[in-house]
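Report on the structure
Spelled out, the chains give:
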Amino acid sequence: MSDPRPSRGSPFAAPAWIAAASLVGLVSALVGDGVFDAVSWLVFAGLVALALRAWLKRDR
């Protein structure tokens, strides 16, 4: 018999994606210049935007 509750996925999926994006940003900042710097800026800007979105949409 199947579970009637909807599947929400793993609770560790979002933190794992955030950690992977942080790792990509850090490595690209350390590896080189030019395009690598742009990648690191974009990744970290996206992570800051994600944190800001979560902060604004929190339950009060």
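Residues numbered from 1 in each chain as written. Predicted model: local features only at pLDDT ≥ 70, side-chain atom pairs only at ≥ 80, totals over all residues. Heavy atoms only, no water.

1. So, the overall build of the protein chain
A count of helices and strands for the protein chain gives 2 helices and 0 strands. Here the protein chain holds 60 residues, and the buried ones make up 10% of them. If you sum the accessible surface of the protein chain, you get close to 5500 Å²; carbon and sulfur atoms cover 71% of it. (Helix = DSSP H or I, 4+ residues; strand = E, 2+ residues; numbered from the N terminus. Buried < 20%, exposed > 50% of the residue type's maximum accessible area, 1.4 Å probe, protein only. Areas by Shrake-Rupley, 256 points an atom, 1.4 Å probe, with all protein chains shown as cover.)

2. Section: the environment of A21
Within the element layout of this structure, A21 appears in helix α1 (residues 13-31). Classification of A21 by relative accessible area gives partly exposed; the value is 25%. Beyond its immediate sequence surroundings of up to four residues, A21 is in contact with V43 and L47. (Contact = heavy atoms within 4.5 Å.)

3. Some points on the packing of α1 against helix α2 (residues 35-56)
At a closest axis distance of 8 Å, the pairing of α1 and α2 adopts a crossing angle of 150°. In this view, α1 runs roughly antiparallel relative to α2, as classed from their interaxial angle. Crossing of α1 over α2 shows left-handed handedness. Every residue of α2 that contacts α1 at I18, A21, S22, V24, G25, L26, S28, A29 and V31 is listed here: F36, D37, V39, S40, V43, F44, L47 and L50. The residue makeup of the contact of α1 with α2, split by class, is 12 nonpolar, 4 polar and 1 charged. (Axes fitted to C-alpha atoms, helices over the stretch in contact; angles between N-to-C directions. Parallel < 35°, antiparallel > 145°, perpendicular 65-115°, else oblique. Left-handed = near helix turned anticlockwise from the far one by under 90°. Nonpolar A, V, L, I, M, F, W, Y, C, P; charged D, E, K, R; others polar.)

So, to be careful, I would describe these as geometric facts and stop short of saying anything about function.
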